[in-house]
Amino acid sequence: MTVIFGMAPYLTEDSWAWATPAAYSTRGRVTRLLTKTACQPARQYLSFPCLNMEVPEQFYTQVEETCRDLYIQSLKEIPPDVVAAIRCAAKNETTEVARRIFSHYLQSIELGREKNMMVCQDTGIPIYWVEIGGRLRLDGSRINQAIIKGTERATREHPLRSSIVSPLSRENRQTSTGHRIPIIHYDFAADSDVLDILFMPKGSGSENMSFMKMLVPADGVKGIKRFVLEQVVGAGAKPCPPTIVGVGIGGSSDLCMTLAKKATTRPLGSANPDPQLAALETELLNAINETGIGPQGLGGRTTALAVHIESAWTHITCNPVAVNLQCWRAERRRARLRPNGSIEIGF
Amino acid sequence: MAEFHLHTPLSEADVRQLRVGDSVTLDGVVFGVRDGNLIRIFDNKVPPPVNWQGAALLHTAPNVKKIGPAKYEPICVGTTTSMRMDRFTEGLLKDYGVRAILGKGGLSEQSAKLMQQYGAVYLSVTGGAAAMETLQIEAIETVYWEDLMPECIWQIRFKGLGPLTVGIDAHGGNLQLDVQQQAQQKTAELLKKMGIA
């Protein structure tokens with residue numbers, strides 16, 4: 001093993017583990033590879049396609065172009081789970097005003113799809129959730145650059161409104177980028193050769209409705225419920241309801257809010273795998289929809305399409321809770337890129 | 001709830017006849033405003049470069065394509081959250097004679113009082129449904145303060161903008177605030193029911 005690491009420093013414990021004897025029967029090439037690498041230099045090792053996960057040069061261009069396309073497409077095609085939920089909610093409304101609002105939502109969704117139009121004018125804060133397959137070997141800094149360039153190209157080539165400014169001078173570079181923007185979160189997936197990029201153009205109407213509180217353990221789950229309900233009602237019409245209510249529970253203050261944001265990216269219809277949290281999601285959703293805020297805060301039966309909770313363990317003295325709202329369009333777009341050049345686009 | 005079809009500029013009589021929940025469709029010029037240009041007018045004391053007597057203002061910052069000097073084609077024009085601009089209501093009504101503010105999410109109780117006093121309304125645009133709104137544009141006639149891009153003052157001519165919902169009328173009605181206050185009362189009951197005193 002030490003010999004192999006010496007020759008091929010891009011091999012990690014993980015990718016070595018992948019080529020364990022259990023894999024031999026299905027991956028004949030791996031067997032040969034292991035035999036050869038034991039006595040041959042690293043360059044030859046690279047010529048074996050099965051373990052060779054060093055991405056080709058054009059991969060970075062693909063990432064850049066994919067990010068450009070994700071940004072533009074996300075603004076035009078509303079995810080199918082969201083469309084289904086809006087259709088369902090529209091049928092449930094009884095008042096003239098609420099029905100009018102939902103009919104506008106549905107017309108705009110159709111225009112986006114049929115006429116290739118942006119559904120909303122807000123190009124949002126560009127946020128990317130990137131998951132790097134553990135078997136990929138790539139230059140992370142170049143991936144970062146590709147994502148930034150893709151964001152700028154979407155803005156210039158479509159063109160899109162650049163919604164990004166310096167916080168004090170309010171300077172707008174007209175590129176949708178700036179210091180630390182776009183926001184890029186990185187994560188890793190074991191046993192995968194996929195670069196998974198989930199993009200969300202986070203609109204400010206809902207992003208301005210973000211709340212967090214460092215509750216204490218004595219506040220318990222009751223404190224969490226009260227906080228979530230009161231913030232959603234306090235936000236009222238401003239986040240463009242019906243919203244997806246993202247809730248973060250636990251962690252540190254920064255992680256808690258990130259979890260709340262991540263929770264809004266979960267497809268509608270998905271429940272938290274922890275039954276206690278799933279029950280809390282349902283309880284909070286029912287309560288929120290009983291408040292009657294309704295679409296655009298003009299009154300109605302649907303104030304939220306879902307409550308999604310994500311959690312992390314926390315400190316013994318802490319009980320943090322964060323709320324991050326997502327507007328009715330809940331735009332998101334996903335790409336799965338592989339080093340062989342294949343790109344799957346989804347939500 | 002009645003339906004109205006109005007043309008800008010608006011008279012006091014035009015807006016006094018409206019009640020919350022009514023539906024309004026607008027033709028004519030509407031001015032796009034928002035944070036950046038209103039801050040310049042009221043905080044930096046730069047008067048608006050255009051006459052707003054009887055005007056309808058829309059809280060927006062559009063996506064546009066430049067086709068010539070000060071000439072733009074709309075790509076996507078929608079509506080932003082009005083409450084951020086709430087503190088400018090008085091100046092707009094009192095100093096500049098604005099008759100309608102169009103936006104999403106509503107304005108405060110104070111703004112509703114001012115609208116009653118000066119004879120103005122808040123027309124609620126369906127937020128996020130910008131594709132619809134964009135197709136109701138005839139032309140972006142001109143743009144002022146391009147240095148604030150995209151937070152310029154946009155002079156946009158609409159044909160059939162709406163239907164908009166009267167959120168605040170000139171008689172003290174404030175639909176979004178009423179809904180929110182009822183929701184707050186309901187929340188107190190819900191918390192009790194959930195065992196949270």
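Figured I'd write up the structure that's included with this text. (Residues numbered from 1 in each chain as written. Chains lettered and ligands numbered in written order. Predicted model: local features only at pLDDT ≥ 70, side-chain atom pairs only at ≥ 80, totals over all residues.)

This part covers the overall build of chain B. Helix and strand counts for chain B come out as 6 helices and 9 strands. Taking 2.2 N^0.38 as the reference for a compact globule, 197 residues should give roughly 16 Å; the C-alpha atoms of chain B span a radius of gyration of 17 Å, in line with that estimate. Referenced to the eigenvectors of the C-alpha coordinate spread, the extents of chain B come out at roughly 65 × 35 × 35 Å. Evaluated residue by residue, chain B yields a buried proportion of 51% over its 197 residues. (Helix = DSSP H or I, 4+ residues; strand = E, 2+ residues; numbered from the N terminus. Rg over C-alpha atoms; globule rule 2.2 N^0.38 Å. Buried ≥ 20, exposed ≤ 12 C-beta atoms within 10 Å, placed from the backbone.)

With 48 residues of chain A in contact, the opposing surface of chain B contributes 45 residues. Counting residues per element, the ones that place at least two in the side of chain A that touches chain B are helix H8 (96-115), helix H11 (220-235) and helix H13 (275-290) of chain A. Considering every element that reaches the side of chain A that touches chain B, the biggest residue donor is H8(A), with 10 residues. Counted by class, the side of chain A that touches chain B contains 19 nonpolar, 17 polar and 12 charged residues. (Contact = placed C-beta atoms within 7 Å. Nonpolar A, V, L, I, M, F, W, Y, C, P; charged D, E, K, R; others polar.)

Residue and element names in this part refer to chain A. The contact between helix H6 (residues 58-74) and helix H9 (residues 140-157) brings their axes to 7 Å, and the two run at 40°. By the angle class used here, H6 and H9 are oblique. Between H6 and H9 lies a crossing of right-handed hand. The segment H6 lies against H9, with Tyr60, Val63, Glu64, Glu65, Thr66, Cys67, Arg68, Tyr71 and Ile72 engaging Arg142, Ile143, Ala146, Ile147, Lys149, Gly150, Thr151, Arg153, Ala154 and Glu157. Split by residue class, the contact of H6 with H9 holds 9 nonpolar, 3 polar and 7 charged. (Axes fitted to C-alpha atoms, helices over the stretch in contact; angles between N-to-C directions. Parallel < 35°, antiparallel > 145°, perpendicular 65-115°, else oblique. Left-handed = near helix turned anticlockwise from the far one by under 90°.)

Residue and element names in this part refer to chain B. In this sheet, strand S9 (residues 153-168) lies alongside strand S2 (residues 23-33) in antiparallel orientation, the contact comprising 8 bridges. Note on S9: the bridge partner recorded for Val30 is Ile156. Strand direction decides the pairing type here: strand S7 (residues 121-124) and S9, joined by 3 bridges, are antiparallel. Within S9, the residue paired with Leu123 across the bridge is Val166. Relative to S9, strand S8 (residues 137-144) runs antiparallel, the two sharing 6 bridges. When the bridges of S9 are listed, Ile140 appears paired with Ile156. (Pairing = 2+ DSSP bridges.)

Moving on: the sheet that holds strand S6 (residues 304-311) of chain A. Residues and elements named next belong to chain A. Here we have 4 strands laid out as an open sheet, ordered S4-S7-S5-S6, and mixed in their pairing. Where the open sheet ends on each side, the last strands, each with one partner, are strand S4 (210-215) and S6. With direction set aside, neighbouring strand axes in the sheet form an average angle of 15°. Here strand S5 (residues 243-249) runs beside S6; their pairing, made up of 7 bridges, is parallel. Paired with Ile244 across the two strands is Ala306, which belongs to S6.

For the α-helix, the turn length of 3.6 residues means that residues three or four positions removed from each other point alike. Taking 1.5 Å per residue as the helical rise, H8(A) with its 20 residues ought to reach 28 Å, and the 28 Å between its terminal C-alpha atoms agrees with that figure. For H8(A), the complete set of buried residues consists of A:Val97, A:Ala98, A:Arg100, A:Ile101, A:Phe102, A:His104, A:Tyr105, A:Ser108, A:Ile109, A:Leu111 and A:Gly112. On its buried side, H8(A) packs onto helix H7 (80-92) of chain A together with S2, helix H5 (130-135) and S9 of chain B. (Expected span 1.5 Å × (residues − 1).)

If you look at the biggest cluster of nonpolar residues, it comprises 137 residues, and the most contacted ones within it are A:Val245, A:Val247, B:Leu57, B:Leu102 and B:Val121. When residues in this core are grouped by element, the largest group, 8 residues, is from S9(B). Mapping this core onto the domain boundaries places at least three of its residues in each of domain 2 (58-72 + 121-202 + 333-346) and domain 3 (204-326) of chain A. Those residues within four positions of B:Leu57 in sequence are excluded, and the remaining contacts are B:Phe31, B:Val33, B:Leu92, B:Val98, B:Ile101 and B:Leu102. (Core = buried A, V, L, I, M, F, W, Y, C linked by C-beta atoms within 7 Å. Domains from an automatic or database assignment.)

This next bit is on the environment of A:Arg153. Residue and element names in this part refer to chain A. Relative to the elements of secondary structure, Arg153 occurs in helix H9. By C-beta crowding, Arg153 is classed as partly exposed, having 19 other C-beta atoms within 10 Å. Separated by 22 residues in sequence, Arg153 and Thr175 place their C-alpha atoms 7.9 Å apart.

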